[in-house]
Structures are given as C-alpha cells and as structure tokens.
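What the coordinates show
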Amino acid sequence: MFNEANSVEEFVLADLRSLGWQIVQGRDLNRAIDDVLLNSELVAALIRLNPAIAARPEFADDMIYKLRAIVQSVHSDGLVRANEQFTKLLQDEPSMPFGVDQEHIPVKLIDFDPNSDNNRYIVAQQVTYKIGKIEKRFDLVLYVNGIPLVVGEAKTPTREAISWVDGALQIQQYEDRVPAFFVPNLFSFATEGKTYRYGAVRMPLDLWGTWRDEDSEPLPAGLDALRAAVEGMLHPAVILDMLRYFALFATHKQRKIKIIPRYQQYQGANKIVERVRQGTKLRQAMKGLIWHFQGSGKSLLMVFAAQKLRLDSMLRNPTVLVVVDRIDLDTQISGTFNAAEIPNTVTTEDRDELRRFLAQDTRKIIITTIYKFREAGGVLNDRRNIIVLVDEAHRTQEGDLGRQMREALPNAFLFGLTGTPINKKERNTFWAFSEDDEPYLSRYSFEDSIRDEATLPLHFEARLIELRVDKDAIDEAYARITGHLSEQDQAELAKMAAKMAVLIKTRERVQRIVVDIVEHYREQIEPNGFKAMLVTFDREACVLYKAEMDKLLPREASEIVMTVNSGEDEYTAYKRTKTDEEHLLERFRDPADSLKFLIVTSKLLTGFDAPTLQVMYLDKPLKEHNLLQAICRTNRVYARSSDRPAKTHGLIVDYIGVFDEVARSMTVVNEEIMRVVTKLEGLREKFAPAIETCLTYFPNVDRTVAGYEGLMAAQECLPNNDVRDHFAADFLVLAQLWEALSPDPVVSFYREDYRWLSQVYQSVKPPSGQGKLLWHALGAKTLELIHENVHVEAVRDDLDTLVMDAPFLEDLLSGKNPEQAKAFEFKLIARLRKHKDSPVFIALGKRLETLKDKLERGLITSIEFLKVLFEIARDTVRAEKSVEEAIVEREEQGMAALTELFNETRTANTPVMVERVVHEVDAIVRVVRFPGWQQTIKGKREVKQSLRTALQKYQLHKEQDLFDKAYGYIEEYY
C-alpha cells in the first residue's frame, strides 16, 4: 500500500512543485545516459545570462567543454578536489576569451539574484546514469540550469528497520561507483518520510545534519517535519544562497574536505547579514547576541557570516573584525579561517598593527584579541560598515576592554557569540549585545543540539564523597599537630593551611583519587576506546597528579598541558611551542595513540575539540560559564568504527562537589548546566524497567536452557521483522544504559538477564546491517559480557553436521517436518555469521534482503526472482571458494548455495514452482561432482542438457537469460 515511490518520493515532489521546481521523469530528460549535465538546458542558460554568448552561441560549446574537463578530472584528482573546482567556477564566474578581440570576460552559469527569472529549476525523478558497465539510478536529482546540484534518496516509511541511513549509504555508494555525477554536487539528502538528513560529498554519516527553522518549534518525526525541511532547505533561493556563500573547502589532516552549514549556522549567519543590511539603511539595530550551545559550531558560523558580509555588494566592501579574548582562541579561529582558505583574512601581531589596519581603513577580515584595544586612545575608525564578531562574548565585554573597543569603533555593528551568557548585575552579556526588544538574535539550545545529534548528552557522577575536602577533620588534625606551637605561629600556620590549594593537594588525597581515576578509566572508558581529561586545582597539582599517575600507568599514557612563563624553572619540562602542543593534541585525538590522559588546570577548558574525549575527572572548583564550557569538552560526537562503538554521552566525574555548588546558585547559566547534565542516579532508576521491557518479548521462555534449543525458543517469540525491530528499538535503549553504567553495582544483579538478551539480539541481527540506526554494533562492554565464559554454549556447531540431501529438502519444502525446518533456518543464520565481518558477504546479504523485500511486495515475477537468486548463488559460491573451511564443508556434505539462499528469501507466498526449480538445479549440482568438467566439451554438454531438461518441466527452457544465469551458477560451483 505504502512504498518509497508512492509516499515519500511523491510527497517530496509535490512540495518541490509548490516551490517552483518543474517536475520531469528521468527518462524524459534530453540527455544521453552517460551525461552528467543537461546540455540543452545549460546552453540555453549560457545564452540567457551572457550577451557575448547570445551573440555567438558557439561559445557555449567552449564553456561546456571546460565544465566537462572538470567532471572528468575526478578520475585523477579525486571527488572532493574536482567538486571544489566546479564549485569555485560556479561561484566566481570563470573568465573566458569571449569579448571583443578575444578579451577575457566573466561568464555566468547561474544568476545568484534570488528575484531573477533567469534560472531554470528542474527536479527529475528516477534518473539513470551509466558509465562503462556501471549503471545507477537516483531517486531525485535537482538541476539548476542543467547542472545537477542536489541528489536525493527516498526510502519506505513503513519498515521500521529502514531509515534515512540506508538512503545515505546508498548515496555514498553512488559517490564511490559513479563519482563523476557528483562533481557538480552541492549536497545530497536522504529521507524515509520521518527524518530528513543532508550531507556534502565524502561527508561521514555521523556529520549529516537535519534541517528546520530555528524560530519554530521542532516538529515530531513524520511528513510534517519532512515538509518543513524540504520547504526550508530545497527552496531555490536557499540552494543558490548556500552555493554562493556557504559551500567551503578546508584542509584537514593534509586532505581536502567539503564543509556546508548546519541549519543553525546558516540561519544565524544570515540573521547577522540581514541585521547589518537593515542597520546600514535605517541606522538602527546595530547589535545582536548569538547564543548557541557549546560544541554547535560557532567558529564556522563566524566563517560563514564573515564571508557573506565581505561578498555582499550592498555593504560596500566592509571590514569584519573577529575578536577573541585569548591567544589560544586567536590561534584556533585563525586556523579555522585559514583552513577554509577565506580570502583577505589577516591576523594582528600586536596592538600597533591593529591600529595601523584600522587607521589605513583596511577592508579585510581582521582577527585580533580584545586586549589589543587596551589604551586605544580614542576613535580608531568611525566608518559605518565595520562589523565586529566577538567570540566568547560573555567574558570581557562589560569592563574597560569592552568600553575601549566600543570607543575605538563608535559606529561599528557589534555581534556577540557565546554558549554561556551571563546575567548578573556586574556582568551581563544580554546588556552588552541584546537589543531592547529581544534577548538574542539567534538561539540554539542544548536541547536543540542533542535532538539534532550535533552534540551528545552529558552525564555526571559525584565520586567518592569521602575524598572531598573535610574541613572539620582537617581542623582537628591541625589542632593535634600544632599543639606545641605558640599562638602566633599557630595563627600563621592556620592562615596558610586554610587555603583551598593546601587542602586539595594533600598527598594521601591525591594518591587515593588517582587510584580511583585509573580504576574507573580502565573499567568504564578504556574498553570503548575513548580518552580522558583530568582537571586539577592549579599547575602544581598537575605535576602532583602526573607523578602519581606514572606509578600506575606508562609515562606515555598521560601528558600535562599548561601555560609556562619565562623564569618558571619548576615547569620547564612542560613548556611547548605552539607546533609541539598541537602535535600533542593531535596524538590525543588519534584513538590508536598511546596517549590516554590530558592533565590540565585552565588550558583546553575552552575551544578544545577532541571527539575521542569522553570523560572529565573534575577536581577543581569551577562555577557558571567556566564550568559549562569545561564539561562540554566531552560532548563532541564520535561515530563508531569497526573496532569501536559510537560515543553515546560525555561523562563528568566530580571529586570536588562542583555540582552541589551549581544547585545552590541558580543563575541563567547554572540553570543551563542543570539541564545539560544527567545524574547517573537517574540512569540507574531507568535500568530495571528497561530490562523488564525487553524480557516481556519472551514470555514463558526458560532462559536457563543453553544451546540452539534455547535460542530457537527465544527466536520463536520474535516471529517477523516488525516484532524484531520493536525488540531492537527497546534493546537499544537498554544497551545504552548498560554502556553508561557498567560496572555499576546496580547492573550486576541483572548481569545474566542482560547477557541473554544481548545474545538473542545478536542472533537475530540482519547479516547485512540494514537499518543502521536500529540494528547497530554492540558496545565494547556488552560484547565483553557476551564473550565471557565461552565454554557455555550459546550457539552449538553440531548443526553443521546436518546433511541436506534430497529427502531432507523434500521434507523441508513440503512442511512435513517443521522442527527440522526451524533447525535448518537457524543453521543458515549461523552460517552467515561466520562471514559477518566480510564486506563481500555483507553485500550479498543486502542483495538477498532487497530480493526478499521485492518478492514480499510483489514487485517482481517468479522468473525474475529466480534470475537474481541464481546470480547471488553464483557470487556466493565464488566468494566462499576463498574460504577453505567452506569448501571442505561443501565437498563433504554436498550443500548447495542456491538452496541456502532460497530458504533465506522464501516467504509463505513463494510459488511452489520456484521451490521445485531450485530443487532441480541443485540436484544437478549434486550430480556434477567430478573436478574439471568445465574444461571438457562433454562435461559442459551434459550439464547444459540436464539443466535444459529440468527447466523444460516448467516451460522455462526458452527463457535464455534464466538458462544462462542458472548455468553460470552451476559452472561456478565446483
């Protein structure tokens, strides 16, 4: 009733039509099957947009030749570099010798004026592209003037195990197989009717973003949310805007990557630009606060805003100042701008250079620190088109430095960007940047970032209360050890000992905390492959903690990162150049590197991004925005890999009682902190109900029964894909709780129940990994639990001794022996598990599931089903020939791949004729057992004759394509 074509695809097309897109079928496009560009559309656009080409239409061929050359360069330069060349050509209007006397003049391919009628917008459905022997079909392609800027994949909305991820994976496969088609690509999107995600070429799936209007309430997943995303992002004006100003290319780890904005970056940057435009006209609304949560990408938002401000012709070549309050942030922001190769960007070396830039009326992007405005001495530039973007705007804008900056630039636009605004009498970020009638110009909250999966949830745990500073106990001990001193000496000593630093850095306390940290890390963090940061009271404490940690871990497992000033000999060992420090931090970001801990006191608590960092051990009093910024170092998304599960949350382990302080003083930022963090106690309360929810799927199942009998009993409670998918969804919740809590005592009571559920989950997980959001790799702690006590059999191998002879198959297909059929089904699943990590067998599994899906939905005939099944069977045998164990099994038992595959794909409605054909063909396989028959004319003739006789029984002997595929399978078998 509902499928991807008649529901999701048609829904998107209807929305696109309302936005002004012309809808055509791919087969009706005027193009060859190997054409990336729509030549006729592109020629017409070149003539419309360029008078010189209108006068001499043959010039259009020269321009198209240049475009095709870039498309073909993908085979030598790679997709990202070719995409960059094509994008720059669209953005910058290439210079061609089309003028008088072959004078070079700019050539327009697209009119970026959103009000212009000069562009043609076409969305084509089911576009086939073929290069060589490789043929692919795209669900939706959006062309602007014949250039394919957007590719979309739609998936069915009614199968729970299918998600947008499947569509995105398909697009990534297209990028691999037919990269030329994606050379002009701006972005691609995928949807299953519930969720919309988009990404640029070669962008990892975990970075694909969602889209919505930040000023509207988020909609629940479904067609309404999809409509909002389509109308918001696929509007022609938005696509042109993104292409012109927001498509960037950066160098990351010596390779090029493409960057496109998340919706909050796009909308936030455009709100800044629009405010400047309106303020330039009306001389009002000259400032604004951008309040985006930590980790949501404020640095890139500034890059996008600065680039668009500089290129906006209405603003008459403005100066954009990016102001930070720390040298390390200066380096970080400069690195972001330089990596993205934003033109006309300069960094000020000192106060005099800043003054010189402003006095000379420099029209560039200037990156500086606010301290360089100190003692500015009055007005440095009173021009009206100066725009100041202040990073971390909550820190230095209310005092003398902020006042001096405003006096130096009296007519400048001022925009503050922060994740932690302050709302206090003496320091108020809202007062400094907000207009009277609005607290903020753009807001992206913690809840927004979690929902969009831009950042991760944060958990905190108050650890070892007895290790906190016990002032009463210290006073008592102090009285004992100072009894012999004079009153004056006692007073002096008390004054020194009362200092917090002395109390925190007592040797016994440091030793006990380090022991606890190392144990906690080894048990809860290291198994998942993540890393840690230890925040200590001061630099002396860093050294103390490092010394204790070196007693328990290799020296190379931890490093101190601190500021070292000249003359501080005691810290000389930790003094590094910027280059050396960045190299150290790159090691920390590398999951394979032996560096596991960073020990810090103030450095790296702001602006430091390391997806490998999951836990912060906090032993320093922090408050308000400093606390929020620090703990958010752990919230960066980190996707799973073949040897590591995805990071599900950040963890803060509190040794100093920081969160008690938060609860006592609830300011704006503290309220934000309390929304950000989740106490582990709350997770503990959820664990038992989550276990019970999963166990309700298995009423009356004896969980003490081992071996395949017990597992078959469990699987009978999950009879179809719908039930299995619901179980997977509930188990996913449970698994996340287990990974967060283990080895907490609260989970130990349910250890055996959880292991049993984990094994059942693993046993019914599709071999191809379809539906990546639902059926995902288990966490390291769960796998460790499953693999414990391997002598307890969860899956027995004696099923492999079953002989699949003709009587067995006859009983199986006739349904005479259902227990035997169930055992055989389980055996096949176990067989697939042996190759679960092989890309070849994963691909075969996907083909099988696609075939089964088509058969279930009646989209293919019995003959078509047989043809594909023969192809997959041939490829399976070919793949298994490389596995010696599989060859021995087949020779000993006479197992036939076609029978196995048929029983994986058959349904209750599969025609009996198909079953019989499978049986007949594999009967031939069992007869043809002498090696080398493929090399003899006689052998080939006998096999072909047997095959034709078998097919003739069902009037299929005239289906030559079917005959060829069946013969190819038999020929491959032995």
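Structure's up top.
The residue numbers shown here count from 1 along each chain, following its written sequence. Residues qualify for local features only when their pLDDT is at least 70, as the model is predicted, and side-chain atom pairs are given and counted only at 80 or more; totals for whole chains, interfaces and linings, by contrast, use all residues. Only hydrogens and water are removed before side-chain values are computed, so all heavy atoms of the structure are retained for them.

Points about the overall build of the protein
Counting its secondary structure elements, the protein contains 40 helices and 24 strands. The buried share of the protein, taken over its 974 residues, is 55%. Here the analysis covers contacts within the protein between residues at least 6 apart in sequence; of these, 74% occur between residues at least 24 apart. Of the roughly 42700 Å² that the protein leaves accessible, carbon and sulfur atoms contribute 51%. Runs of H or I in DSSP of at least four residues are treated as helices and runs of E of at least two as strands, each being numbered from the N terminus. When accessible area is computed with a 1.4 Å probe and restricted to protein chains, residues below 20% of their type maximum are described as buried, those above 50% as exposed, and intermediate ones as partly exposed. Throughout, a contact is declared for two residues whenever any of their heavy atoms are within 4.5 Å. Per-residue and other accessible areas were derived by the Shrake-Rupley procedure at a 1.4 Å probe size, with only the shown protein chains allowed to occlude residues.

Quick word on the sheet that holds strand β4 (residues 121-131)
At least two bridges found by DSSP between two strands are what make those strands a pair. Taken together, six strands build an open sheet; the order of strands is β1-β4-β5-β6-β7-β8 and the sheet is mixed. Since the sheet does not close on itself, it has two edges, and those belong to β1 (22-25) and β8 (196-199), each with one partner. Taking each pair of neighbouring strands and ignoring which way they run, the sheet shows an average axis angle of 30 degrees. Sheet topology places strand β5 (residues 134-144) next to strand β6 (residues 147-154); five bridges connect them, and they run antiparallel. Looking across to β6, one finds that L140 is bridged to G152. To get an axis, a line is fitted to the C-alpha atoms, and for a helix only the part in contact is used. The angle between two axes follows their N-to-C directions and goes from 0 to 180 degrees. With respect to the sheet, helix α7 (residues 164-177) is in contact with β5, β6, β7 (187-191) and β8, its orientation differing from that of β7 by roughly 145 degrees.

Quick word on unusual backbone geometry
The backbone phi angle of N317 is positive, close to 55 degrees, even though this residue is not glycine. You can see N317 is positioned in the loop between α11 (298-311) and β12 (319-324). A positive phi is found at L604, a non-glycine position, where the angle reads about 75 degrees. Its place among the elements puts L604 in the loop between β21 (597-600) and β22 (613-618). Exposure remark for L604: the relative accessible area of 7% places this residue in the buried category.

Describing the packing of helix α20 (residues 507-525) against helix α21 (residues 539-552)
Where α20 meets α21, the axes come as close as 9 Å, and the angle between the chain directions of the two elements is 50 degrees. With respect to α21, the axis of α20 lies oblique. Seen along the crossing, α20 lies across α21 with a hand that is right-handed. In contact with R509, V510, Q511, I513, V514, V515, I517, V518 and R522 of α20, α21 contributes L544, Y545, E548, M549, K551 and L552. In terms of residue class, the contact of α20 with α21 is made up of ten nonpolar, one polar and four charged. By definition in this entry, angles of less than 35 degrees are roughly parallel, angles greater than 145 are roughly antiparallel, angles of 65 to 115 are roughly perpendicular, and the rest are oblique. A clockwise turn of the near helix away from the far one marks a right-handed crossing, whereas an anticlockwise turn of less than a right angle marks a left-handed crossing. Classes in brief: Ala, Val, Leu, Ile, Met, Phe, Trp, Tyr, Cys and Pro nonpolar; Asp, Glu, Lys and Arg charged; the others, Gly included, polar.

Considering the packing of aromatic side chains
Two aromatic rings, drawn from Phe, Tyr or Trp (for Trp, its six-membered ring), form a pair once their centres lie within 6.5 Å of each other, and the interplanar angle then sorts them: stacked below 30 degrees, edge-to-face above 60, tilted otherwise. Counted according to the given criterion, the structure contains 29 aromatic pairs. An angle of 85 degrees between the planes, with centres 5.9 Å apart, marks the rings of F138 and F182 as edge-to-face. Of this pair, F138 sits in strand β5 while F182 sits in the loop between α7 and β7; the two residues are 44 residues apart in sequence, bridging distant segments of the chain. Following the ring pairs from residue to residue traces out a cluster consisting of F187, F189, Y196, Y198, W211, F246, Y266 and F304. Both a distance and an angle decide whether a charge sits over a ring: NZ of Lys or CZ of Arg must be within 6 Å of the ring centre and within 35 degrees of the ring normal. Stacked on the ring of F112, the Lys or Arg R244 has its end atom at 5.8 Å from the ring centre. The side chain of R443 reaches across the aromatic face of W291, ending 3.6 Å from its centre.

Quick notes on α7
Take the number of residues in a helix, subtract one, and multiply by 1.5 Å to get its expected span. Between its first and last C-alpha, α7 extends 20 Å over 14 residues, near the 20 Å set by a 1.5 Å rise per residue. Inspection of α7 places W164, V165, D166, G167, A168, L169, I171, Y174 and E175 among the buried residues, and these make up the whole buried set. Here a polar contact is taken to be a pair of N or O atoms separated by no more than 3.5 Å, where protein atoms must pair a possible hydrogen donor with a possible acceptor and residues adjacent in sequence count only if both atoms sit in side chains. One side-chain oxygen at the N-terminal end of α7 lies 3.1 Å from the backbone nitrogen of V165; it belongs to S163.

Some remarks on the environment of P51
Along the chain, the position of P51 falls in helix α3 (residues 51-55). Residue classification places P51 among the exposed positions, given a relative accessible area of 67%. A C-alpha to C-alpha distance of 9.6 Å links P51 and V107, two positions 56 residues apart in sequence.

A few points about the pattern of salt bridges
Here a salt bridge means any side-chain nitrogen of Lys or Arg lying within 4 Å of a carboxyl oxygen belonging to Asp or Glu. For the structure shown, the criterion picks out 36 salt bridges. Here E341 makes a salt bridge to K256, at a shortest N to O gap of 2.9 Å. With a gap of 85 residues between them, E341 in the loop between α12 (327-339) and β13 (345-347) and K256 in strand β10 (residues 255-259) connect regions that are remote in the sequence. A salt bridge links D538 to K505; its shortest N-O distance comes to 2.7 Å. Of the two residues, D538 is situated in the loop between β19 (531-535) and α21 and K505 in the loop between α19 (500-504) and α20; the sequence distance between them amounts to 33 residues. The class for K505 is buried, based on a relative accessible area of 14%. When salt bridges that share partners are traced, they join D15, D224, R227 and E231 into one network.

What to know about the nonpolar core
Ranked by internal contacts, the top residues of the largest apolar core, which has 126 residues, are F138, L149, F187, Y196, W211, L234 and M242. Setting aside its immediate chain neighbours within four residues, L149 contacts L90, I110, L142, V144, P184, N185, L186, F187, I239 and L243. Definition used in this section: a nonpolar core is a set of buried Ala, Val, Leu, Ile, Met, Phe, Trp, Tyr and Cys residues joined via side-chain atoms within 4.5 Å. Residues L613, L627, I652 and I656 belong to the second largest nonpolar core, which totals 30 residues.

Considerations on the packing of helix α9 (residues 236-246) against α11
Packing of α9 against α11 leaves a shortest axis separation of 10 Å and a crossing angle of 95 degrees. As summarised for this structure, α9 and α11 are arranged roughly perpendicular, according to the angle between their axes. In this structure, α9 uses D241, R244, Y245 and F246 to contact α11, whose residues at the interface are F304, Q307, K308 and L311. Residues of the contact of α9 with α11, tallied by class, amount to four nonpolar, one polar and three charged.

Some details on the side chain of S449
Within the secondary structure, S449 sits in helix α16 (residues 446-451). A polar contact is formed between the side chain of S449 and the side chain of T455, at a distance of 2.7 Å. Once residues lying within four places of it in the same chain are set aside, the contact partners of S449 are F293, Y444, A454 and T455.

Re the pairing of strand β16 (residues 413-418)
When you tally the buried positions in β16, you get six out of six residues, the bulk of the element. Along β16, one buried face is formed by F413, F415 and L417 and the opposite face, lined by L414, G416 and T418, is buried too. Sheet topology note: the strand β11 (residues 287-292)/β16 ladder contains five bridges and is parallel. Each residue of the ladder has a partner; that of G288, found in β16, is F415. The pairing of strand β15 (residues 386-391) with β16 spans five bridges and is classified as parallel. Residue pairing for β16: D391 is matched across the bridge by L417.

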